[in-house]
Amino acid sequence: MEFVRNLLLFLHLLGMAILVAMFFLQRRTAPEGPLNNPEGPLNKGWLHGSVLQLLTGMGLVGVAEVMDRDLNHVKIGVKLVVVVVIAGLAVGFQNRERIANWLTPTLAALVVLNTGVAVFWS
Ligand code: HEM
């Protein structure tokens, strides 16, 4: 069971890396925009990364229950809400040709928020 937990945590951390990478990729497509490209579409990686976080996060919760590890359920609830907002925004803007100016910094801030919650909230 310890191996399954490590595997899920490994994928969970890679999912976080995907979301961080999306921020820079989204900026890179926009030489003319300050933080993102208002002319360009939203990268699908935002959706893939957030769904990976959701699935691996739920897997980690399940493994913690099986292993009788104590988890802070309020903290998990907050992470769940934040990731649903990220995925929701990614779905909502998926088929738009132009994305709003605030979208890329907002998505990045939500990723940073969840990382902070994961690390500082015990
Ligand atoms: C953008 C989304 C997310 C990010 C950036 C993120 C980040 C992280 C990080 C950095 C860790 C490692 C913390 C540590 O080991 O000290 C972690 C662990 C964990 N995360 Fe997330 N997470 C996200 C979403 C979620 C979601 C949606 C859930 C639950 C549904 C979740 C549940 C967990 C659990 C259960 C652990 C392991 C805690 C433990 O066993 O000690 N995460 N997360």
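This text gives an overview of the structure that appears in the document.

**Structural notes on the overall build of the protein chain**
Alright, step 1. Assigned secondary structure in the protein chain consists of four helices and zero strands.
Alright, step 2. In sequence order, the protein chain lays out its α and β elements as α-α-α-α.
Alright, step 3. Expressed as lengths along the three principal axes of its C-alpha atoms, the size of the protein chain is roughly 50 × 25 × 20 Å.
Alright, step 4. Considering the protein chain as a whole, with its 122 residues, one finds that 35% of them fall into the buried category.
Alright, step 5. For the protein chain, the share of sequence-separated contacts (at least 6 apart) that also reach a separation of at least 24 residues comes to 78%.
Alright, step 6. Working note: accessible area of the protein chain is about 7,300 Å², and carbon and sulfur atoms make up 70% of it.
Alright, step 7. The centroid of the 9 positive side-chain charges in the protein chain is displaced by 6 Å from the centroid of its 7 negative side-chain charges.

**Comments concerning the coordination of the iron atom of the ligand**
Alright, step 1. Protein coordination of the iron atom of the ligand is provided by His-12 (NE2) and Lys-79 (NZ), with donor distances spanning 1.9 to 2.0 Å.
Alright, step 2. Classification of the site at the iron atom of the ligand rests on its six donor atoms, whose angles at the metal span 85 to 180°, yielding the label octahedral. Here Lys-79 lies in helix α3 (residues 73-92) and His-12 lies in helix α1 (residues 2-28), a separation of 67 residues in the sequence.

Thresholds, definitions, all that
Residues numbered from 1 in each chain as written. Predicted model: local features only at pLDDT ≥ 70, side-chain atom pairs only at ≥ 80, totals over all residues. Heavy atoms only, no water. Helix = DSSP H or I, 4+ residues; strand = E, 2+ residues; numbered from the N terminus. Buried < 20%, exposed > 50% of the residue type's maximum accessible area, 1.4 Å probe, protein only. Contact = heavy atoms within 4.5 Å. Areas by Shrake-Rupley, 256 points an atom, 1.4 Å probe, with all protein chains shown as cover. Lys, Arg positive; Asp, Glu negative; His and termini not counted. Charge placed at Lys NZ, Arg CZ, Asp CG, Glu CD. Donors = N, O, S within 2.8 Å, 3.2 Å for Na, K, Ca; no water. Tetrahedral: all angles 85-135°; square planar, octahedral: opposite > 155°, others 65-115°.

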